[in-house]
Amino acid sequence: MTHHQSDARTQALSRRALLRTMGIAGITLASSSAWADQSIRLPLAGEPRERPMTHEFPQKRDMILQRTRPPLLETPMEVFDRGVFTPNDRFYVRWHWAVIPTSVDASTFRLTVRGHVNQVLSLSIDDLLKMPRVELAAVNQCSGNSRGFFAPRVPGAQWAHGAMGNARWTGVRLKDVLDRAGVKSGGIQVRFKGLDEPVVPEAPDIKKSLDIDHARDGEVMIAFAMNGEQLPLLNGFPLRLIVPGWYSTYWVKMLSDIEVLDRPDDNYWMATAYTIPDTPHANVTPGQTGVKMVPISRMTPRSFITNIADGASLPSGASAEIRGIAFGGDTGVAKVEYSVDDGKTWQPATLGEDHGKYSFRRWQTNLPPLATGRHSLMARCTNLAGDVQPAEPNWNNSGFMRDVIEPVHITTT
Ligand SMILES: Nc1nc2c(c(=O)[nH]1)N[C@H]1C(S)=C(S)[C@@H](COP(=O)(O)O)O[C@H]1N2
Ligand SMILES: [Mo]
């Protein structure tokens with residue numbers, strides 16, 4: 001099947017199921033006393049490395065608690081070991097403002113399309129459900145995923161590798177919605193905003209923009225379903241933007257407002273926040289000044305070993321399976337290789353099923369028997385454009401775009 005074809009499961013997504021009001025009113029988003037007493041140790045660059053686990057957020061099971069208000073919940077690595085799609089109730093959560101809507105009534109919800117268009121639209125979920133549907137698998141990754149490995153440390157959430165997830169998204173093409181409104185000539189960008197509002201009125205509303213050609217490429221999607229179910233509230237119920245291959249800062253949640261602009265968007269969230277050095281891998285030296293900054297955009301290839309934790313010990317002489325996930329960034333995975341000798345030599349791993357170029361891809365291999373001692377296991381992904389993960393970590397003062405080969409250190413005894 002092509003990644004645009006719906007499968008039987010999502011065909012079955014009923015109108016009723018999608019229009020169900022998502023309400024968590026009455027459940028406090030974060031009752032501080034209610035953490036599970038469990039904690040998890042993350043292999044971060046600096047202390048503290050312990051994080052509490054929580055199961056107290058609506059529609060979420062055990063998650064790593066990075067911050068309570070706004071909710072920042074991380075997916076533990078073991079979840080990525082279980083399957084190529086990240087379950088909705090283990091999918092990471094990130095919001096900027098502490099106050100987010102705790103319920104949305106899908107039957108009265110409207111998506112506005114306005115600005116440089118022939119006709120202003122106010123679309124109900126029902127209107128969208130009547131339009132042609134598309135589906136694709138895509139990785140949603142925060143720009144700051146893995147920030148906690150930056151050395152020297154940078155401010156911001158100290159994520160390990162779990163500010164990412166892969167899902168099958170179902171919705172309508174943004175292009176079809178824009179065509180319905182009729183973009184006037186001179187429309188050059190499209191700006192997106194969700195229902196969340198800043199806590200203080202002077203703070204800038206979160207708005208993100210895409211160039212008009214990108215917005216109309218037929219891949220950018222307004223999604224109403226994730227892995228065959230309505231979106232969890234914390235992941236943007238009832239609608240979110242999907243920008244395949246791009247960092248999730250553009251994947252606006254609770255999408256309620258689309259504005260076609262006839263001038264470049266210079267709002268804070270485009271011009272100041274989420275910019276990166278215009279250098280390979282957004283890499284600079286700490287303290288370096290005078291670097292040209294550009295908005296973050298495409299993702300780069302990454303890969304992870306998911307079944308062996310850093311610091312694990314394995315029996316020597318026995319052969320062990322290693323496996324994991326990889327993604328190509330803004331194109332597909334061409335190959336995943338592994339190394340057991342600190343990256344001196346590399347062998348190809350076996351790739352799992354291809355769910356489309358924006359999806360996670362599973363990989364696995366059997367290690368040769370290793371001598372007693374310490375070893376570092378590595379995986380590296382090359383994408384279809386020939387881009388390969390670097391051996392040296394990048395650094396920038398926002399902690400964005402980490403994509404280095406991530407070794408897992410083990411001891412064989
Ligand atoms: N409305 C809204 N959309 C948003 C954000 C937000 O704060 N508000 N944060 C963005 C960022 S930076 C990330 S990483 C993703 C997180 O998506 P998730 O919570 O579904 O994993 O949402 C994006 N969309
Ligand atoms: Mo993000």
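Our subject is the structure that appears above.
Note that the structure is a prediction, hence the values are computed from the model and not measured.

Conventions and cut-offs
- Going along each chain's sequence as written, the residues are numbered from 1 onward.
- Here every chain gets a letter starting at A, and every ligand a number starting at 1, in the order they are written.
- Local features in a predicted model are, by the rule used here, given only for residues with pLDDT of at least 70; side-chain atom pairs are given and counted only at 80 or more, and totals for whole chains, interfaces and linings are based on all residues.
- Note that the side-chain values use all heavy atoms of the structure and ignore hydrogens as well as water.
- Three exposure classes are used, based on accessible area relative to the maximum for each residue type with a 1.4 Å probe and protein chains only: buried under 20%, partly exposed in between, and exposed over 50%.
- Elements are defined by DSSP. Helices are runs of H or I of four residues or more, strands are runs of E of two residues or more, and each kind is numbered from the N terminus.
- DSSP calls a pair of strands paired once it identifies at least 2 bridges connecting them.
- Two aromatic rings, drawn from Phe, Tyr or Trp (for Trp, its six-membered ring), form a pair once their centres lie within 6.5 Å of each other, and the interplanar angle then sorts them: stacked below 30 degrees, edge-to-face above 60, tilted otherwise.
- Put simply, a disulfide is two cysteine sulfurs that come within 2.5 Å.
- Axis lines are fitted to C-alpha atoms, over the contacting stretch for helices. Their N-to-C directions set the angle, which ranges from 0 to 180 degrees.
- Every residue pair with non-hydrogen atoms within 4.5 Å of one another is taken to be in contact.

(A) Here's a closer look at the pairing of strand 14 (residues 221-226). Of all six residues making up strand 14, six are buried, and the element is well covered by its neighbours. The sheet contact formed by strand 14 and strand 16 (residues 240-242) spans three bridges and is antiparallel. Residue M221 lies in a different strand from strand 16, and its bridge partner there is I242. Of the pairings in the sheet, the one linking strand 14 to strand 15 (residues 229-230) comprises two bridges and is antiparallel in character. Looking at strand 15, one finds that M226 is bridged to E229. Turn length for the strand 14-strand 15 hairpin, with the two strands adjacent in sequence and antiparallel, is two residues, and the turn residue N227 shows positive phi of about 50°.

(B) Quick look at the packing of aromatic side chains. The final tally for this structure, using the stated rule, is 10 aromatic pairs. On the basis of an interplanar angle of 80° and a centroid distance of 6.0 Å, the ring pair of F91 and W169 is categorised as edge-to-face. One end of the pair, F91, is in the loop between helix 3 (77-82) and strand 6 (93-94); the other, W169, is in strand 11 (residues 164-173), with 78 residues separating them in the sequence. Judged on exposure class, the residue F91 and its partner W169 are both buried. Taken together, a centroid distance of 5.3 Å and an interplanar angle of 5° make the contact between Y274 and F400 stacked. Pair noted here: Y274 is in the loop between helix 7 (268-271) and strand 18 (275-277) and F400 is in the loop between strand 27 (373-383) and strand 28 (408-412), with a separation of 126 residues, a long-range link. According to the relative accessible area criterion, Y274 is buried, its value standing at 9%.

(C) Main features of the state of the cysteines. Enumeration according to the criterion identifies zero disulfides in this entry. Of all cysteine sulfurs, the one in C142 lies closest to C381, which takes part in no disulfide; the gap is 20 Å.

(D) Focus on the sheet that holds strand 17 (residues 255-261). The strand order across the open sheet formed by five strands is 9-8-17-12-13, and the pairing between neighbours is mixed. The open sheet terminates on both sides in strands that have one partner only, identified here as strand 9 (121-123) and strand 13 (207-211). Strand-to-strand, the axes of this sheet are offset by a mean angle of 20°, without reference to chain direction. One ladder, built from five bridges, connects strand 12 (residues 189-194) with strand 13; its direction is antiparallel. Paired with R191 across the bridge in strand 13 is S209. Across the face of the sheet, helix 5 (residues 174-181) comes into contact with strand 8 (111-115), strand 9, strand 12 and strand 17 while running at roughly 135° to strand 9.

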